[in-house]
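The residues making up each chain are set out below.
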Amino acid sequence: MLRYLASLGCGAVLVSGNELKTAIQAGFSTKKMVFNGNGKMQHELDLAVENGVLVNIDSEFDLEHIILSG
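Because the structure is predicted, anything quoted here is derived from the model rather than measured. (Residues numbered from 1 in each chain as written. Predicted model: local features only at pLDDT ≥ 70, side-chain atom pairs only at ≥ 80, totals over all residues. Heavy atoms only, no water.)

1. Describing the pattern of salt bridges
Link 1 in the chain: Summed over all chains, the structure comprises two salt bridges.
Link 2 in the chain: Across the pair D58 and K40 runs a salt bridge, and its minimum N-O distance is 3.3 Å. Note that D58 is positioned in the loop between strand 3 (54-55) and helix 4 (60-69) and K40 in the loop between strand 2 (33-35) and helix 3 (42-50), a separation of 18 residues in sequence.
Link 3 in the chain: According to the relative accessible area criterion, K40 is buried, its value standing at 3%. (Salt bridge = Lys/Arg side-chain N within 4 Å of Asp/Glu carboxyl O. Helix = DSSP H or I, 4+ residues; strand = E, 2+ residues; numbered from the N terminus. Buried < 20%, exposed > 50% of the residue type's maximum accessible area, 1.4 Å probe, protein only.)

Spelled out as structure tokens, the structure:
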């Protein structure tokens, strides 16, 4: 189902590292992804940055750790 949605050009709003990995594997364009939500872990932020995914910075933790990823 996810591959089908990706093939239609749909985007994805993601709230966990597992959703991020799944969306990438399903073929969603990383230009149409937003990594949102609180409690993001460093490795999840790293994965988002490495893949060019837009990250919603909603805490000082996110800001400090996204800088480390870049």
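2. Some words on the packing of aromatic side chains
Link 1 in the chain: Enumeration over the complete set of coordinates arrives at zero aromatic pairs.
Link 2 in the chain: Directly above the ring of F35 sits K40, whose terminal nitrogen or CZ lies 6.0 Å from the centroid. (Phe/Tyr/Trp six-rings, centres within 6.5 Å; stacked < 30°, edge-to-face > 60°. Lys NZ or Arg CZ within 6 Å of the ring centre and 35° of its normal.)

3. Describing a nonpolar patch on the surface
Link 1 in the chain: A cluster of nonpolar residues, M1, L2, Y4, L5 and L8, forms a patch on the protein surface that exposes about 540 Å² of accessible area.
Link 2 in the chain: Within the element layout of this structure, Y4 appears in helix 1 (residues 2-7). (Patch = residues over 30% accessible without salt bridge, like charges linked within 9 Å, V, L, I, M, F, W, Y side chains within 5 Å. Areas by Shrake-Rupley, 256 points an atom, 1.4 Å probe, with all protein chains shown as cover.)

4. Quick notes on helix 2 (residues 17-26)
Link 1 in the chain: Residues of helix 2 that are buried include every one of G17, L20, A23 and A26, and no others.
Link 2 in the chain: Of the surrounding secondary structure, the elements contacted by the buried residues of helix 2 are helix 1, strand 1 (12-14), strand 2 and helix 3.
Link 3 in the chain: In the segment just after helix 2, G27 is the residue with positive phi, at about 95 degrees. (Contact = heavy atoms within 4.5 Å.)

5. Observations regarding the packing of helix 2 against helix 3
Link 1 in the chain: Remark: helix 2 packs on helix 3, axes separated minimally by 9 Å, with the N-to-C direction vectors making an angle of 30 degrees. Taken together, the axes of helix 2 and helix 3 lie roughly parallel to each other. You can see that helix 2 and helix 3 cross each other, and the crossing is left-handed. Between helix 2, through G17, L20, K21 and I24, and helix 3, the contact on the second element is made entirely by E44, L47 and A48.
Link 2 in the chain: Of the residues contributing to the contact of helix 2 with helix 3, the split by class is four nonpolar, one polar and two charged. (Axes fitted to C-alpha atoms, helices over the stretch in contact; angles between N-to-C directions. Parallel < 35°, antiparallel > 145°, perpendicular 65-115°, else oblique. Left-handed = near helix turned anticlockwise from the far one by under 90°. Nonpolar A, V, L, I, M, F, W, Y, C, P; charged D, E, K, R; others polar.)

Keep in mind that these numbers describe shape and distance, not what the molecule does.
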